[in-house]
Amino acid sequence: MANVVEMWLVLSTLVTSLTYLSCNDLARGWGDKYNWVNLEEGLALSKSSQRPLMLVIHKSWCSACQRLGPLFAESEEIYEISKKMILVNVQDDEEPKEDQYVPDGGYIPRILFLDCNGNVRTDIYNEKGSKEYKYYYPEVDQNTVYSTSN
């Protein structure tokens, strides 16, 4: 019986560790404290929980992405609001190919918000940003927090 309990504890610890590492692997410099999931899982979770989804689209080689990621990661305001959303972080070849994910172009980084049915909310964008790049947030400020709270 003791062997069974020990094995259960080892397996339980392993599964917990792998889950934690999996979430952090998806952070990619955008915040280990966030509960990141992949797009497929995010869409399913958003639908089942009726919570909106925040989709961060970026590239590993992009200097603007590399600047924004740590700012996003350190923002306590974004972190608090993120608890009410499903967070998805896609990088490089993981970027979804469907037209709805490029509402005003394929620039990066883009932060999109989706409703619980998986539709991009084109009414939520960086209102203080460029008209040509509505879903680009050059920094994390009150405007970003406002956008994420809608």
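Structure's up top.
What you are looking at is a predicted structure, and each value in this text was computed from that prediction instead of being measured.

A.B. asks: Give a description of the packing of aromatic side chains that names residues and reports values.
C.D. replies: Per the stated rule, a full pass over the model turns up seven aromatic pairs. Between Tyr34 and Tyr79 the ring centres are 5.6 Å apart and the planes differ by 70 degrees, which places this aromatic pair in the edge-to-face class. Taken together, the residues span a long stretch of sequence, with Tyr34 in the loop between helix H1 (2-25) and strand E1 (36-37) and Tyr79 in helix H4 (residues 76-82) at a distance of 45 residues. Judged by relative accessible area, which is 1%, Tyr34 ranks as buried. Seen from the ring of Tyr125, Lys134 lies directly overhead, with NZ or CZ sitting 4.8 Å from the centre.

A.B. asks: Please give an account of helix H2 (residues 39-49) that cites residues and values.
C.D. replies: Buried within H2 are the following residues: Leu39, Gly42 and Ser46. Axial view of H2: buried residues confined to an arc of 55 degrees, hence all on one face. Exposed and oriented more than 90 degrees from the buried face of H2 are Glu40 and Ser48. Summarising the contacts, the buried residues of H2 are in contact with E1, strand E2 (53-58) and strand E3 (86-91). The N-capping residue of H2, defined by a side-chain oxygen 3.2 Å from the backbone nitrogen of Glu40, is Asn38. Directly after H2, the chain includes Gln50, whose backbone phi takes a positive value near 60 degrees.

A.B. asks: An account of the sheet that holds E2 is requested, with residue identities and associated values reported.
C.D. replies: The pairing of strands in a sheet happens through backbone hydrogen bonds and is either parallel or antiparallel. Spatially, the four strands line up as an open sheet ordered E1-E3-E2-E4, and their pairing is mixed. Where the open sheet ends on each side, the last strands, each with one partner, are E1 and strand E4 (110-114). The pairing of E1 with E3 spans two bridges and is parallel. For Trp36, the partnering residue across the bridge sits in E3 and is Leu87. Across the sheet, H2 lies against E1, E2, E3 and E4, angled at about 165 degrees from E3, the strand it touches most.

A.B. asks: Tell me about the nonpolar core, residues and numbers included.
C.D. replies: Among the nonpolar cores identified, the biggest contains 18 residues, and Leu55, Val88, Tyr101, Leu112 and Leu114 are the most heavily contacted of them. Breaking this core down by element, the ones donating at least two residues are E2, helix H3 (63-74), E3 and E4. Among the nonpolar cores identified, the runner-up in size contains 17 residues, and Trp36, Val56, Leu68 and Leu87 belong to it.

A.B. asks: I'd like a description of unusual backbone geometry, backed by residues and values.
C.D. replies: The omega angle of the peptide bond from Ile108 to Pro109 is -10 degrees, so this bond is cis rather than trans. For Pro109, the position within the fold is in the loop between E3 and E4. At Gln50, a position not held by glycine, the phi torsion is positive, near 60 degrees. Residue placement: Gln50 occurs in the loop between H2 and E2. On the basis of relative accessible area, Gln50 is assigned to the exposed category, the value being 53%. The backbone phi angle of Asp92 is positive, close to 55 degrees, even though this residue is not glycine. Turning to its location among the elements, Asp92 is positioned in the loop between E3 and E4.

A.B. asks: With reference to specific residues and values, describe the pairing of E2.
C.D. replies: Consecutive side chains along a regular strand alternate between the two faces of the sheet. E2 sits mainly inside the fold: six of its six residues count as buried. Of the two faces of E2, the one lined by Leu53, Leu55 and Ile57 and the one lined by Met54, Val56 and His58 are each fully buried. Relative to E3, E2 runs parallel, the two sharing six bridges. Pairing of Val56 across the sheet is with Asn89, part of E3. Here five bridges tie E2 to E4, and the two strands are oriented antiparallel to one another. Each bridged residue has a counterpart across the sheet, and for Met54 the counterpart in E4 is Phe113.

Here is what the cut-offs are and how they apply
- Each chain has its residues counted from 1, running along the sequence as written.
- Whole-chain, interface and lining totals are the exception, using all residues; otherwise, since this is a predicted model, local features are given only for residues with pLDDT of at least 70 and side-chain atom pairs are given and counted only at 80 or more.
- The basis for every side-chain value is the complete set of non-hydrogen atoms in the structure, without hydrogens or water.
- Put simply, two rings from Phe, Tyr or Trp (the six-membered ring, in Trp's case) pair if the centres are within 6.5 Å, and we call them stacked under 30 degrees between planes, edge-to-face over 60, tilted for the rest.
- Every helix listed is a DSSP run of H or I at least four residues long, and every strand listed is a run of E at least two residues long, numbered separately from the N terminus.
- Classification of residues uses two cut-offs on accessible area relative to the type maximum, computed with a 1.4 Å probe and protein chains only: under 20% is buried, over 50% is exposed, and between them is partly exposed.
- For a ring to carry a charge above it, either NZ of a lysine or CZ of an arginine must fall within 6 Å of the ring centroid while also lying within 35 degrees of the normal to the ring plane.
- In this description, the arc belongs to the directions extending from the helix axis to the C-beta atoms.
- Contact between two residues is taken to exist if any of their heavy atoms lie within 4.5 Å; hydrogens are not considered.
- N or O atoms closer than or at 3.5 Å make up a polar contact, with two conditions inside protein: a donor-capable atom paired with an acceptor-capable one, and, for residues adjacent in sequence, both atoms drawn from side chains.
- At least two DSSP bridges between two strands are needed for those strands to be called paired.
- Axis angles are defined between N-to-C directions and span 0 to 180 degrees, where every axis is a line fitted to C-alpha atoms and, for a helix, only to the segment in contact.
- Throughout, nonpolar core names a set of buried Ala, Val, Leu, Ile, Met, Phe, Trp, Tyr and Cys residues whose side chains join them through atoms within 4.5 Å.

Shape descriptors only; they carry no functional weight alone.
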